[in-house]
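Chains, contacts and geometry: an overview
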Amino acid sequence: AVIKQSLGHRIDSLFRARKQFDNRSTNDTQRRLGVNPLITIDDRLLSTLETLITKVTDACIDSRNFDSWAFRNTSIAVNDSIIRFLRDLFSFLEARVVHRLILVYFSRFVSREGKQWQERDSNIGLRCSWEVSKLRLNAVTTLIRFQDQIKVASPLMEKWGNWSLRPPTRSNIHLFSDAIEELESLSMASFAVTEPVRKGSVEIPEWKAHWLVELVTDICLAASGHVEQSIQLRASSLLYELFWTSSNIGKLQGSSTVVASLYLSFIPKLLDHVSYLSSLPAKSALRKDILPCFVFVLQSAPFWLLRALWRKYCKRTEGKGATGCYGGIKNLVAGDDESSVKNDGNKNSGQSEQQNESFDEEKEEVHLPCILDLCSLLNLSLTTIEYEGSENHIDDPMSESLTSQWHAEFLLAPETDISTSRKRGLRGVSSKSKIRSPPTSTSSRKWHSHDGAIVIITTCRNIVREYVSMLRSAGDFDVNAIVNGPIASFSIGPGMNSIGNTRSKRGKHSVEGIDFSFKDKVIFIRAISSIYLNCLSLRQSDVAFIKTLLASTEILKVFGIELFLSAVGETLQHWMRVLLVHCGARRAKVRVEALDLLALILRLQWDSFGSFTRVRIPLLAVQTEVMERIVATAAARYYREQRKAKNSIQYLSNSKAEAALTPLWRTLQRLHDGSASNNAAFKSALQLLANKMKTLYRAYIAAHALAIVNRTEENKVPTTPDTMDENFFQVSRVVRESAEFSKKILGNNHVALERGPILIQNEVVEDAFLAAADVFSPTELPLYRVAWLRKLAEFHATRERHAEQAACRLQIYKTLRQAAALHDMLWNSIPFWPWASDPSEGSHVDGEGPTAMNTAHVSSPELDDNYNESHPLTDS
């Protein structure tokens, strides 16, 4: 404080004397009082300040300070005084002078020179290195909360002029690539080492733009990988605070793009932490703090600079398919400049060590982040910002900590229950008499998830378009296939829509092409499609689903069905799952886009291979599982409404289950009748596939009705009829849009009343089960045929029809016998991990669906080789 007051007094006296001299020579009207300009100091005074800061900082981080609480508190207070003194110098001295003093201060945390340092546990049980890291984070906190940090950082974009906001052309596209290289060269990673590892002094670099932002970002990002959890969480929260403050400043000043350009280098830095972030839980505090910062950069950074960065990462992906290196980071934590540490400690090393260092550098080039690592980071971001559900739908009493956390992180607003408002509207309740619900964070979390998902999907589409433009420049792409598609409008400038003009005018400043092999294209499509699949399987808004489906359609139109099927591989069944789920969505726009994508896949599959076999098998295999999930979701919603109304829990009736599946039925009808193709063979095959899917639909409704009857006969408890339900008329109106199979099976009595049990049409159920079994064959999905035959056999057993039961067992034996010979060549489905790990979206009260096939990846011991050797196939 004394030094600051003395320095301020000297500056004030100097400028006061200068003003008096100016007032004698000029008019009072010509000279007005203003703030004193910033000054520089001579080398002697600057050297004295550097020496003082070095000695005081070394005394603060001396490991002996942490042997007692008194000395520890003193070191914290002195350290805070130093950084506040350095921060206040911005009001007296030029930024270049303060820049050197601040770097001198932070250099003492990474150097062992001139200090008493031991990596040990102190006498009071504190880890010395951890306490030093906390002191440095205290200093970073002061700089982050410095109001003029954006002005001090001096964004380069302010000096570039208006060319950075113009779309790139062949003449200036190299400027954007050079700008990316310049931004990445501003790193301060040498000051972000978590422990003092340098034996010599640290060389203070010259002043450069973005220095303050780069310094703070590197230190926080390196500390986020610290061993101590409290240091991790504090570093990540500081990063979040930095980006949040900068975002608000950009919005207030109308310069969000300029502010976001400061953090463009945050993307390559964060890519070095993908492996570490992926090892954390999806909703961990570390990921919830860091990944929104990444999404902010994607949203606000200059679009053309991002395109240049995507071109750079696409170029690095060349040859990944041949080497089998599909990404992955060598070091989990960035910021350790090992090469510079070795050079400082071994300046007189021999030629052999230089050769080893050059070999290490060549080895590190293989692990440079590429577009595949970026796709991994986008997937992590999608999972982290996923919507976690409404607070009013949480019934677990142990979830108070979760809701309190939401209330602390998001804005609160009253939540409107759509179903409740509709009911009140039907009853004629006025809006003034409505009871206002308590404020919740549901709306804020919905918008947070929606905005983040939209930014990520838009980024993926831009990456695909940039990749296509690079393939065009390399002449390794059939432009005629997509000249009228969604990618045709995406070009790097005038004259680039024509491939002939591109090739004839290709010169020094044209887009750099890429030489991708077939495997390189496959792994690129696999990485992008995994993001779309992940988004379609999460809780997202309808707008996000529609944009994702449109983006998936772009991939098919651009790359074709052969590359798409090669890329998705076994995940094609997961694509069929999410597409069928969205084909049964309640929003018509989502259903239309999902069906269009499914129809496009089927059409391209037919044009390329002449059949639907590759798509038909997984599509039929997952349909029952999808219907089970849709009905389970409706059942969970129905049970939740009953708990809210404090009514006795009633099982979901068959008519309500059919109402939940009515959107899927309408989609199947459109698939059957809506094709505009003139190809008779294609239309016939498409109608045959749609009829098979309708058959499985009928069988599921019959299985659900049979489960209700069996449950009623076991419990013998009368239930409330549907006519007494508030939603009876709405459900009836929805069911009329379907084929009303429930009425054909159960008639008008859907529940057990006091006068008698439910009557079921046995012939209709028997025909539905048998038709569902005939959809499959012993050579295609035999286990599904066996499952429906077993269901039919159990049905006959309960009705004491022993001959029909024996016939079903015989058919099961024949199916398994034919399938055993082809066991190694049969296709079987695998669990879909997002559905298997998170059953909260759909669950039944009794824990099992009516068909008992909700996993759809059943296994049969009769098909195992070891089982066949010791147990001959017999009727079970």
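The structure contained in this document is the topic of the report that follows. (Residues numbered from 1 in each chain as written. Predicted model: local features only at pLDDT ≥ 70, side-chain atom pairs only at ≥ 80, totals over all residues. Heavy atoms only, no water.)

What follows covers the overall build of the protein chain. If you tally the helices and strands in the protein chain, you get 37 helices and two strands. Put simply, the protein chain has 876 residues, and 50% of those count as buried. The long-range share in the protein chain, meaning contacts at least 24 apart out of those at least 6 apart in sequence, stands at 80%. Of the roughly 42000 Å² of accessible surface on the protein chain, 51% is carried by carbon and sulfur atoms. (Helix = DSSP H or I, 4+ residues; strand = E, 2+ residues; numbered from the N terminus. Buried < 20%, exposed > 50% of the residue type's maximum accessible area, 1.4 Å probe, protein only. Contact = heavy atoms within 4.5 Å. Areas by Shrake-Rupley, 256 points an atom, 1.4 Å probe, with all protein chains shown as cover.)

What follows deals with helix α22 (residues 442–473). With 32 residues, α22 extends 47 Å between its outermost C-alpha atoms, agreeing within 8% with the 46 Å of an ideal straight helix rising 1.5 Å per residue. In terms of burial, α22 is largely enclosed, as 26 of its 32 residues are buried. (Expected span 1.5 Å × (residues − 1).)

Tallied over the full model, the rule gives 22 aromatic pairs. When the ring of tyrosine 105 is compared with that of phenylalanine 109, the centres are 5.3 Å apart and the planes differ by 75°; the resulting orientation is edge-to-face. Classification of phenylalanine 109 by relative accessible area gives buried; the value is 1%. Aromatic side chains phenylalanine 564 and tryptophan 575 sit 5.8 Å apart centroid to centroid with 70° between the ring planes, which places their arrangement in the edge-to-face category. A residue pair is termed long-range when its members are at least 10 positions apart, and phenylalanine 564 in helix α25 (residues 542–568) and tryptophan 575 in helix α26 (residues 572–583) qualify at 11 residues. (Phe/Tyr/Trp six-rings, centres within 6.5 Å; stacked < 30°, edge-to-face > 60°.)

Before going further, it helps to examine the pattern of salt bridges. Inspection of every chain in the model, using the stated rule, returns 26 salt bridges. Two residues, glutamate 386 and arginine 539, come together in a salt bridge whose shortest N-O distance is 3.8 Å. Of this pair, glutamate 386 sits in the loop between α19 (371–384) and α20 (400–409) while arginine 539 sits in the loop between α24 (518–537) and α25, and the two are 153 residues apart along the sequence. A relative accessible area of 14% means that glutamate 386 is categorised as buried. Ionic pairing is found between aspartate 607 and arginine 603, a salt bridge with its closest N-O pair at 3.4 Å. Separated by four residues within a single helix, aspartate 607 and arginine 603 lie in helix α27 (residues 588–609), roughly one turn from each other. Here the residues in one salt-bridge network are Arg72, Glu131 and Lys134, joined through shared partners. (Salt bridge = Lys/Arg side-chain N within 4 Å of Asp/Glu carboxyl O.)

In this section: helix α35 (residues 802–821). An ideal rise of 1.5 Å per residue puts 28 Å on 20 residues; α35 measures up with 29 Å between its terminal C-alpha atoms. Considered for burial, the residues of α35 that qualify are Gln805, Cys808, Arg809, Ile812, Thr815, Leu816, Ala819 and Ala820. One side of α35 carries all its buried residues, which in axial view fall inside an arc of 130°. Along α35, the residues that are exposed and aim more than 90 degrees away from the buried face are Ala803, Arg817 and Ala821. (Arc of directions from axis to C-beta.)

Take unusual backbone geometry next. Even without being a glycine, serine 154 presents a positive backbone phi close to 55°. Position of serine 154 relative to the elements: it lies in the loop between α6 (149–153) and α7 (157–160). Of note, leucine 781 is a non-glycine position whose phi angle comes to about 55°, a positive value. Inspection of the secondary structure assignment puts leucine 781 in the loop between α33 (762–775) and α34 (782–798). Overall, the relative accessible area of 6% leaves leucine 781 in the buried class.

Summarising the element assignment, glutamine 623 is placed in helix α28 (residues 613–644). Judged by relative accessible area, which is 1%, glutamine 623 ranks as buried. With near-sequence residues (within four places) excluded, glutamine 623 lies in contact with Leu580, Leu668, Met693, Leu696 and Tyr697.

Here α28 crosses helix α29 (residues 654–673) at 140°, and the two axes come no closer than 9 Å. In terms of their interaxial angle, α28 and α29 are classed as oblique. In this structure, the crossing between α28 and α29 has a hand that is right-handed. Here Gln623, Met627, Ile630, Val631, Ala634 and Tyr638 of α28 lie close against α29, whose contacting residues are Lys656, Ala657, Ala660, Leu661, Leu664 and Leu668. Across the contact of α28 with α29, the residue classes tally to 10 nonpolar, one polar and one charged. (Axes fitted to C-alpha atoms, helices over the stretch in contact; angles between N-to-C directions. Parallel < 35°, antiparallel > 145°, perpendicular 65-115°, else oblique. Left-handed = near helix turned anticlockwise from the far one by under 90°. Nonpolar A, V, L, I, M, F, W, Y, C, P; charged D, E, K, R; others polar.)

So, about the nonpolar core. Residues Tyr263, Phe266 and Phe559 are the most contacted members of the largest nonpolar core, which totals 234 residues. A total of 16 residues in this core trace back to one element, the largest contributor, which is helix α30 (residues 680–715). Not counting chain neighbours up to four residues away, the residues in contact with tyrosine 263 comprise Ile150, Val213, Thr217, Leu242, Phe243, Ser246, Phe296 and Val297. (Core = buried A, V, L, I, M, F, W, Y, C linked by side-chain atoms within 4.5 Å.)

For the pair α25 and α27, interaxial distance at closest approach is 9 Å and the crossing angle is 5°. Judged on the interaxial angle alone, α27 and α25 are roughly parallel. Of the residues contributing to the contact of α25 with α27, the split by class is 15 nonpolar, four polar and five charged.

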